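Chains, contacts and geometry: an overview
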Amino acid sequence: MELYTPKDIQELKILQDKVMNCPKCGGSDYTCECVKDYKFLHGMIMSAIPSKYRYADINNIQVATLKDSLKEIKNYVKHLEENKETGLGLYLYGTTGTGKSYVACYVLEQALQKGYSAFFCTVEQYKRALFDKDSDYIYNVNESDFTLIDDYGREFSDTKGFIDSQVDEMLRYRYDRNKSTIITSNILSKDIENLRIKSILYDAYIKLPFESVDYRKSLGGLNAKKSIR
């Protein structure tokens, strides 16, 4: 499964040219902002973060009903190293358009900034990788320091229970190895029928509600591409 698009390659080429022509370092100083910008975009692309969620900044979200959840997210990021070591994850639940995926990608990007590995996937993408026997993709989902499983519940079931068991196995694998997983879902954690997954969520996840309000209106329709260093 390709992790990047022609547009991604073009954006990387633009930043690469910027690095090579940087008046400060000419591409020779890895501490220079030009190199950091290139490495950060490259990291987001290779982590499969969708372009619409890149450079996410939760400070741009001004929604009263999300105040408490966003406060918890900031605290989670503040203690990212400790959360990585203990395998503590996040379960963000609410209806469509409430900012779950945007906020979850913010956490992934903060992890990348701190030098951790991160990976984004939907359950549908994971299902496709399983059927295609895409070992590289499955490895990234299983082994990244922080993995985001987006839209849990939307494509979670099939008639034979195959997807249910495979997602169950993947979450258990990460849980047993203290790997932090971020899940977005439209299902309340108490309504999940799979008892093994419910047990994992109880033990190793902070569960945060995202109320029924369209967060995108608070962004003014902008894709806020700001540095989050």
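Use the structure listed above.
Let me sum up the structure you'll find in this document. (Residues numbered from 1 in each chain as written. Predicted model: local features only at pLDDT ≥ 70, side-chain atom pairs only at ≥ 80, totals over all residues. Heavy atoms only, no water.)

It is worth spelling out the packing of helix H3 (residues 67–78) against helix H5 (residues 100–113) at this point. Two numbers describe a pair of packed helices, the interaxial angle and the distance between the axes. One way to put it is that H3 packs onto H5 with a least axis distance of 10 Å and a crossing angle of 15°. Taken together, H3 and H5 sit at an angle that is classed as roughly parallel. Remark: the crossing between H3 and H5 carries right-handed chirality. Across from Leu70, Ile73, Tyr76 and Val77 in H3, the residues of H5 making contact are Val103, Tyr106, Val107 and Gln110. (Axes fitted to C-alpha atoms, helices over the stretch in contact; angles between N-to-C directions. Helix = DSSP H or I, 4+ residues; strand = E, 2+ residues; numbered from the N terminus. Parallel < 35°, antiparallel > 145°, perpendicular 65-115°, else oblique. Left-handed = near helix turned anticlockwise from the far one by under 90°. Contact = heavy atoms within 4.5 Å.)

Once that is clear, we can look at the pairing of strand S4 (residues 180–185). Burial runs high along S4: 6 of the 6 residues are buried. Alternating residues of S4 divide into Ser180, Ile182 and Thr184 and Thr181, Ile183 and Ser185, and every residue in both groups is buried. Two elements, strand S1 (residues 89–94) and S4, share 4 bridges in a ladder whose sense is parallel. The residue bridging Leu90 from the neighbouring strand is Ile182, located in S4. Bridge count for strand S3 (residues 146–152) against S4 is 5 bridges, and the pairing is parallel. (Buried < 20%, exposed > 50% of the residue type's maximum accessible area, 1.4 Å probe, protein only. Pairing = 2+ DSSP bridges.)

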